Amino acid sequence: MSERLSTGIHGLDKMTGGGFIRGDTALITGPPGTGKTTFGIQFLLEGIAKGENGVLVTVEELPEKIEDDALNFGWDLRKLEAEGRLKIYQLHSEMLQSGGAPIMQCLEVVNSIKAGRVVIDPISLYSMNVHDPNDLRREIYAFVNYMKENRLTLLLTHEVPDIITRISKISDYGLEFIVDCIIMLQYVEIESEIRRSVSVLKMRGSDHDIAIRRYRISGKGIEIESPFQGYEGIMSGTARKTGAEGFMEAFRR
Ligand SMILES: Nc1ncnc2c1ncn2[C@@H]1O[C@H](COP(=O)(O)OP(=O)(O)O)[C@@H](O)[C@H]1O
Ligand SMILES: [Mg+2]
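Everything in this summary refers to the structure shown in the same document.

## What about a nonpolar patch on the surface?
Where nonpolar side chains cluster on the molecular surface, the patch consists of Phe247, Met248 and Phe251 and spans about 370 Å² of accessible area. If you trace the backbone, Phe251 turns up in helix H10 (residues 243–252). Under the relative-accessibility criterion, Phe251 is labelled exposed at 63%.

See the structure below:
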């Protein structure tokens, strides 16, 4: 049996058939503001609470900004860093443009605190700075394999530019095939309101929830809610009532 790790997101362990599998790589995709960075921090905090150190590799965004934003949720990242349980490591443009393999350099940081959980946020911004898709695939594949061999659990966030997403593929370099698990965060328009939806698209070697659920971001972070019922077309970003629901509504009117 593979060992399961709590994701740190209330309700998501159930959706993923018991949590992430140790050594696996999960991909969280979604447009800006859907909570990808928040998700990554919650995942690391859950590990820290269970005695596993964490590393947050931030691509471009300043560590200070991340630390300040986390305070809104009552999460004191600076304290955890001072205690040596968390490291926030920034990959900035110059490092990305100078070539080499900046992601592999993160392993030094990972090993320096013997981390058990690692987040790269967002890998999409990283990939925009590396021009050869083959190099990129090789580098990420090597990193993912290193994680697996050393039983480290990795979370990659992937920002999609379109607010309303009609996905056909996730990346140009096969990221969706490298990862073990894909979780999709989306905005959905329902009756002229914007809602948030979450779905598990892929979970290698495991059963998972096939429902598309609502989620919310509150002062406690991300929380999964009930499935959308009586609607179809949610993944297209604009949902309609299903035939039966629409008929019932017309009948009631
Ligand atoms: N204290 C809070 N309470 C409720 N929601 C919050 C709070 N702080 C941030 N948010 C929500 O979190 C969202 C940003 O999450 P973030 O993780 O930065 O998204 P992403 O990384 O996908 O761009 C904001 O759109 C905002 O709605
Ligand atoms: Mg973010």
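Now that the structure has been shown, we can carry on.
## A short note on the pairing of strand S10 (residues 213–218)
As defined by bridge partners, strand S9 (residues 193–203) adjoins S10 across two bridges and the pair is classed as antiparallel. Residue pairing for S10: Ser197 is matched across the bridge by Arg214. Where S10 lies against strand S11 (residues 221–227), five bridges are found, and the strand directions are antiparallel. Considered in S11, the bridge of Arg213 is made with Pro227. Hairpin connection of S10 to S11: two residues between the antiparallel strands.

## Quick look at the side chain of Asp121
Along the chain, the position of Asp121 falls in strand S6 (residues 115–121). Polar side-chain contacts of Asp121 include one of 2.8 Å to the side chain of Thr37. Setting aside its immediate chain neighbours within four residues, Asp121 contacts Thr37, Leu56, Val57, Thr58, Val59 and Thr157.

## Focus: the site of ligand 1
In the vicinity of ligand 1 there are 15 residues, among which Gly33, Gly35, Lys36, Thr37 and Thr38 approach most closely. Contacts to ligand 1 include Gly33, whose backbone N or O atom sits 2.8 Å from an oxygen atom. For ligand 1, an oxygen atom lies 3.3 Å from a polar atom in the side chain of Arg196. Within the complex, 64% of the 580 Å² of free accessible area of ligand 1 lies under protein. Contributions of two or more residues to the shell around ligand 1 are made by helix H2 (36–49) and S10. With three residues, H2 is the single largest residue contributor to the shell around ligand 1. Here the residues of the shell around ligand 1 are counted per class, giving four nonpolar, eight polar and three charged.

The rules we used
- Residues numbered from 1 in each chain as written.
- Chains lettered and ligands numbered in written order.
- Predicted model: local features only at pLDDT ≥ 70, side-chain atom pairs only at ≥ 80, totals over all residues.
- Heavy atoms only, no water.
- Patch = residues over 30% accessible without salt bridge, like charges linked within 9 Å, V, L, I, M, F, W, Y side chains within 5 Å.
- Areas by Shrake-Rupley, 256 points an atom, 1.4 Å probe, with all protein chains shown as cover.
- Salt bridge = Lys/Arg side-chain N within 4 Å of Asp/Glu carboxyl O.
- Helix = DSSP H or I, 4+ residues; strand = E, 2+ residues; numbered from the N terminus.
- Buried < 20%, exposed > 50% of the residue type's maximum accessible area, 1.4 Å probe, protein only.
- Pairing = 2+ DSSP bridges.
- Polar contact = N/O pair within 3.5 Å; in protein donor to acceptor, adjacent residues only side chain to side chain.
- Contact = heavy atoms within 4.5 Å.
- Near = heavy atom within 4 Å.
- Nonpolar A, V, L, I, M, F, W, Y, C, P; charged D, E, K, R; others polar.

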